[in-house]
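Survey of secondary and tertiary structure
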Amino acid sequence: MATLRDIKRRIKAVQSTSKITKAMKMVAAAKFRRAQQRMFEMRPYADRMNSILSSLAAGAEGELHPLLAARPRKNVEVLVLTSDRGLCGAFNSNILKAAARHISELKKEGFEVIISSVGRKARDYFKRRNISLRKSWTGISGRISYSNAQEIANDIIENYTNETIDEVILIYNEFKSVIAQKIIVARLLPLAPVEATEETLPVFNFIYEPSKQDIFGSLLPKNVEIQIFRALLESQASEEAARMASMENATKAANDMINSLTLQFNKARQASITKELMDIVGGVEALKG
Amino acid sequence: MENKLKLEIVTPYGLIFSEDVDEVTGAGSEGEFGILPGHVPFVTTLKVGMLIAKTGKESKYFFVNWGYAEIGADKVMVLADSAERSDEIDVERAKAAMKRAEERLKKAEEIDFHRAEASLERAATRIQIAQHRIPK
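Cut-off values and rules
- Within every chain, residues take consecutive numbers counted from 1 along the sequence as written.
- A letter from A marks each chain and a number from 1 marks each ligand, given out in the order of writing.
- In view of the model being predicted, local features appear only for residues whose pLDDT reaches at least 70, and side-chain atom pairs are presented and counted only at 80 or more, with totals across whole chains, interfaces and linings using the full set of residues.
- No hydrogens and no water enter the side-chain calculation; it runs on all heavy atoms of the structure.
- Note on pairing: two strands pair once DSSP finds at least 2 bridges between them.
- Runs of E in the DSSP output that reach at least two residues are strands. Runs of H or I that reach at least four are helices, and both are numbered from the N terminus.
- Note on definitions: angles span 0 to 180 degrees between N-to-C directions of axes, and those axes are lines fitted to C-alpha atoms, for helices only across the stretch in contact.
- Throughout, a residue-residue contact means that at least one pair of heavy atoms, one from each residue, lies within 4.5 Å.
- An automatic or database domain assignment is the source of the domain bounds shown.
- When two components associate, each loses some accessible surface as probed by a 1.4 Å sphere; the sum of these losses over both components is called the buried area.
- Whenever a carboxyl oxygen of Asp or Glu lies within 4 Å of a side-chain nitrogen of Lys or Arg, that contact is scored as a salt bridge.
- Each Phe, Tyr or Trp ring (for Trp, its six-membered ring) is paired with any other whose centre lies within 6.5 Å, and the angle between the two planes then decides the class: stacked below 30 degrees, edge-to-face above 60, tilted in between.
- Partly exposed residues are those whose accessible area sits between 20% and 50% of the maximum for their type, while under 20% is buried and over 50% is exposed, using a 1.4 Å probe and protein chains only.
- Counted as a polar contact is a pair of N or O atoms within 3.5 Å, where, for protein atoms, one must be capable of donating a hydrogen and the other of accepting one, and residues adjacent in sequence contribute only when both atoms are in side chains.
- By the convention adopted, Pro, Cys, Tyr, Trp, Phe, Met, Ile, Leu, Val and Ala count as nonpolar, Lys, Arg, Asp and Glu as charged, and the other residues, Gly among them, as polar.
- Grid spacing is 1 Å over the protein atoms alone, the probe is 1.4 Å, and a cavity is where that probe fits but cannot get out, while a pocket is an open set with protein on both sides within 12 Å along at least five of seven lines and lining residues have an atom within 4 Å of a point.
- Grid points are joined across faces, edges and corners, and a volume is the space filled by probe spheres set on the points.

The next point concerns the sheet that holds strand E2 (residues 112-118) of chain A. Backbone-to-backbone hydrogen bonds pair the strands of a sheet. The strands run either parallel or antiparallel. Residue and element names in this part refer to chain A. Taken together, the 5 strands give an open sheet; going across it, the order is E3-E2-E1-E4-E5, and neighbouring strands pair in mixed fashion. Edge positions in the sheet fall to strand E3 (135-137) and strand E5 (180-189), since each has one partner strand and no second. Between one strand axis and the next, the sheet turns by 25 degrees as a mean value, whatever way the strands run. The sheet contact formed by E2 and E3 spans 3 bridges and is parallel. If you follow serine 116 over to E3, its bridge partner there is lysine 135. Helix H2 (residues 91-108) contacts strand E1 (75-81), E2, strand E4 (167-177) and E5 of the sheet and is inclined by roughly 150 degrees relative to E4. Taken strand by strand, helix H3 (residues 120-128) contacts E1, E2 and E3, and its axis lies near 140 degrees from that of E2.

Residue and element names in this part refer to chain B. Taken domain by domain, chain B comprises domain 1 (5-87) and domain 2 (88-130). Computed from C-alpha coordinates alone, the two centres of domain 1 and domain 2 are separated by 23 Å. Taken together, the contact between domain 1 and domain 2 spans 12 residues of the former and 9 residues of the latter. Of the roughly 980 Å² buried where domain 1 meets domain 2, counting both sides, 59% is carbon and sulfur surface. Counting across the domain 1 and domain 2 interface gives 1 salt bridge. With a closest N to O distance of 2.9 Å, arginine 126 and glutamate 84 form a salt bridge.

Let us now look at the packing of aromatic side chains. Evaluated as defined, the whole model comprises 6 aromatic pairs over all chains. The interplanar angle of 90 degrees and the centroid separation of 5.2 Å between the aromatic rings of tyrosine 125 of chain A and phenylalanine 126 of chain A together place this pair among those described as edge-to-face. On the basis of relative accessibility, which here comes to 1%, the residue phenylalanine 126 of chain A falls in the buried class. Aromatic ring contacts, followed pair by pair, group Tyr146 and Phe229 of chain A together with Tyr13 of chain B into a single cluster.

Residues and elements named next belong to chain A. For chain A, the domain assignment lists domain 1 (4-21 + 247-288) and domain 2 (39-246). Computed over C-alpha atoms only, the centres of domain 1 and domain 2 are separated by 55 Å. Domain 1 puts 4 residues into the contact, and the matching count from domain 2 is 5 residues. Of the roughly 320 Å² buried between domain 1 and domain 2 on both sides combined, carbon and sulfur atoms contribute 47%. For the domain 1 face of the interface with domain 2, the top three residues by lost area are Met247, Glu248 and Asn249, together amounting to 97%. In this assembly, domain 1 and domain 2 are joined by 0 salt bridges. On the surface where domain 1 and domain 2 come into contact, there are 8 residue pairs in polar contact (both at pLDDT 80 or more). Taken together, the residues of the side of domain 1 that touches domain 2 sort by class into 2 nonpolar, 1 polar and 1 charged.

This brings us to the layout of surface pockets. Taking a probe equal in size to a water molecule and rolling it over the atoms shows the remaining empty space. In this structure, the largest pocket occupies an estimated 1100 Å³ of space. Ser147 and Gln150 of chain A together with Asn65, Ser82 and Arg122 of chain B are, among the 33 residues lining the largest pocket, the residues nearest its centre. Counting residues per element, the lining of the largest pocket draws most heavily on helix H2 (residues 110-130) of chain B, which supplies 6 residues. Classifying every residue of the lining of the largest pocket by side-chain character gives 9 nonpolar, 11 polar and 13 charged.

Of the residues lining the interface, 26 residues belong to chain A; the matching set on chain B comes to 23 residues. A buried area of about 2200 Å², summed over both sides, lies between chain A and chain B, and 65% of it is on carbon and sulfur atoms. For the chain A face of the interface with chain B, the top three residues by lost area are Tyr45, Arg48 and Glu209 of chain A, together amounting to 29%. Our enumeration of links across chain A and chain B arrives at 2 salt bridges. Measuring nitrogen to oxygen at the nearest pair gives 2.8 Å for the salt bridge that ties glutamate 8 of chain B to arginine 48 of chain A. Elements represented by at least two residues in the side of chain A that touches chain B include exactly helix H1 (4-57), helix H4 (146-161), strand E6 (207-209) and helix H5 (212-288) of chain A. Element by element, the count of residues in the side of chain A that touches chain B is highest for H1 of chain A, at 10 residues. Classifying every residue of the side of chain A that touches chain B gives 14 nonpolar, 7 polar and 5 charged. The sheet contact formed by E6 of chain A and strand E5 (residues 42-46) of chain B spans 3 bridges and is parallel. If you follow tyrosine 208 of chain A over to E5 of chain B, its bridge partner there is valine 43 of chain B.

So this is what it looks like as structure tokens:
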């Protein structure tokens, strides 16, 4: 049986761990609120972008923009979004598992799969398995800015237009609620055709400056940027939420452990007191005799 | 509402401005444009430049960094990469950026040239717009 001192030492250790996990939970909570805030802030932009696009698409005829045109698929790129840091529960392993499954499915169907990733966790995962990445972006999570999304979007659009890749699939964690993330596998390119909605303005008398094709052509890459930006923010919010939950669990587990160790400690203490008493009583009895 | 324009400026970082105004002047990629209520539907791209929103005798100035504007009879919707109100512009930062860009332009490496040029333009426009602070 462990001695009193051993148990005391363990209690101290667990206590300091629980302090750390508690602090990490608070930090994650603060970061999560910020990430969620930014998600809300970019929503109006994305909404309006869609409404402009749909009003443009309503009258768009003629040749399709390259980003819209689907061509025979051969090289499929999979872009996986993970975090840079760990300690966020199953957040990264879930997404990587889903990505690996999706990749092997694509390979089975006979496509050439090209992988690129965001986040240190994805990079390390594929490196360990000796899978080469076309490109990996790290050090983004935590302070995502729109220019990060632009950088990624430009790279992907460039590779798409020079036909290195024929399709781009985005795999990321969508923020559902603080306790739930949903893994999303979505096609980024070619872009889904934009549908005209009912509330869009009548198109026949629009003036375009420069030409409609030019505006449409410059809006579409913007749309790709926006989609990546949104995915990055969603992933960020999910990461912090996952970290919050897992740190909460860790703190709870540590407290449970402290309780059971304290019980053990008290039992051991009482046992030793009883033993000492027995010794004394035994000694007194012996003297009497 | 007949003779008012609803001006909305949105960026990926949030809604910057949403108010009813009388007149909007902006820098389109094909030249400056002015919008009064009842304008015909109009879509244009914007370059780095100034956007002025006039309400009565009061004018508000904005820095707009690329983007799009969709104009309807009673609304102006601006989608910009970034936008700032004139009194929110960080002049010191803009000046520092201008200096950096000028130095890079002197060294003038092919690849950096356009980026330096663009950032110089942004900085210069910011400083210019910051002159139009709303008098207190």
